[in-house]
Amino acid sequence: MSNLYNSLSEVYEAMYQSFINYKDEYAFYSGILRQHNCNSLIEMGCGTGNLASMFIENRFYYTGMDMSESMLQIAGKKYPAAKFV
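Residues numbered from 1 in each chain as written. Predicted model: local features only at pLDDT ≥ 70, side-chain atom pairs only at ≥ 80, totals over all residues. Heavy atoms only, no water.

## Examining the sheet that holds strand 1 (residues 40–44)
Strand pairing in a sheet is mediated by backbone hydrogen bonds. Such pairs are either parallel or antiparallel.
Here is step 1: Spatial strand order, 1-2-3: three strands in an open sheet with parallel pairing. Of all strands in the sheet, those with a lone pairing partner are strand 1 and strand 3 (83–84), marking the two edges.
Here is step 2: Where strand 2 (residues 61–65) and strand 3 come together, two bridges link them in parallel fashion. In the strand pairing of strand 3, Gly64 is matched with Phe84. (Pairing = 2+ DSSP bridges. Helix = DSSP H or I, 4+ residues; strand = E, 2+ residues; numbered from the N terminus.)

## Digging into the packing of aromatic side chains
Here is step 1: Inspection of the entire model under this criterion finds six aromatic pairs.
Here is step 2: Taken together, a centroid distance of 6.5 Å and an interplanar angle of 85 degrees make the contact between Tyr26 and Phe60 edge-to-face. In this pair, Tyr26 is assigned in helix 2 (residues 22–35) and Phe60 in the loop between helix 3 (52–57) and strand 2, connecting sequence segments 34 residues apart.
Here is step 3: On the basis of relative accessibility, which here comes to 7%, the residue Phe60 falls in the buried class.
Here is step 4: Here the aromatic rings of Phe28 and Tyr29 are separated by 5.2 Å at their centres, their planes lie at 70 degrees, and the arrangement is edge-to-face.
Here is step 5: Here the aromatic residues Tyr26, Phe55, Phe60, Tyr62 and Phe84 are joined through ring pairs into a cluster of three or more. (Phe/Tyr/Trp six-rings, centres within 6.5 Å; stacked < 30°, edge-to-face > 60°. Buried < 20%, exposed > 50% of the residue type's maximum accessible area, 1.4 Å probe, protein only.)

Structure representation (structure tokens):
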């Protein structure tokens with residue numbers, strides 16, 4: 001797995017905050033889920049969990065999955081109410 005996703009997970013976290021519009025991304029995915037009357041999801045490749053809080057705040061049952069343990073550690077610290085595996 002890439003160094004970016006393991007030992008540089010803190011850099012990934014800072015870098016992605018600068019150019020990804022997570023509000024737009026959440027609106028896109030939540031729109032699809034609501035269109036299909038779905039209130040639970042598993043986000044594959046959740047990284048540091050930047051979408052987790054928006055799904056949880058809007059009463060979705062959220063689980064984030066990622067292969068990078070260091071990414072999951074950051075996600076778990078940021079959003080302890082979420083489930084990350």
